[in-house]
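Now for the letters of each chain:
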Amino acid sequence: MITTIAQACPECEEPVTVADSARLSEILECGGCRSELEIVALDPVLLALAPEIEEDWGE
């Protein structure tokens, strides 16, 4: 049986569903504001805005 946990989006406070099989550093998308969220802790589950992917310009 798969269970889910609802956490509030740190950007808009909309509930975000996190499966109990989620992994640390997994990226989720908020259904309310479409922000990319990263799972930064599992016990308890904690979400943070995912860092922007920056282009390295070949460095």
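Structure first, text after, so check above.
Procedures and definitions
- Residues numbered from 1 in each chain as written.
- Predicted model: local features only at pLDDT ≥ 70, side-chain atom pairs only at ≥ 80, totals over all residues.
- Heavy atoms only, no water.
- Pairing = 2+ DSSP bridges.
- Helix = DSSP H or I, 4+ residues; strand = E, 2+ residues; numbered from the N terminus.
- Axes fitted to C-alpha atoms, helices over the stretch in contact; angles between N-to-C directions.
- Buried < 20%, exposed > 50% of the residue type's maximum accessible area, 1.4 Å probe, protein only.
- Lys, Arg positive; Asp, Glu negative; His and termini not counted.
- Salt bridge = Lys/Arg side-chain N within 4 Å of Asp/Glu carboxyl O.
- Contact = heavy atoms within 4.5 Å.

Description of the sheet that holds strand 3 (residues 27–29)
Through backbone hydrogen bonds, the strands of a sheet pair up, either in parallel or in antiparallel fashion.
Next up, step 1: Strand order across the open sheet formed by three strands is 3-4-5, with antiparallel pairing between neighbours. Each edge of the open sheet is held by one strand with a lone partner, namely strand 3 and strand 5 (45–49). Ignoring which end each strand starts from, the neighbouring axes of this sheet average 40° apart.
Next up, step 2: Sheet topology note: the strand 3/strand 4 (residues 36–42) ladder contains three bridges and is antiparallel. The residue of strand 4 that forms the bridge with Ile27 is Glu38.

Digging into the side chain of Glu38
Next up, step 1: Following the sequence through the fold, Glu38 ends up in strand 4.
Next up, step 2: Buried Glu38, no salt bridge; nearest opposite-charge side chain is Arg23, N-O distance 11 Å.
Next up, step 3: Among all residues touching Glu38, those that are not within four sequence positions of it are Ser25, Glu26, Ile27, Leu46, Leu47, Ala48, Ala50 and Pro51.

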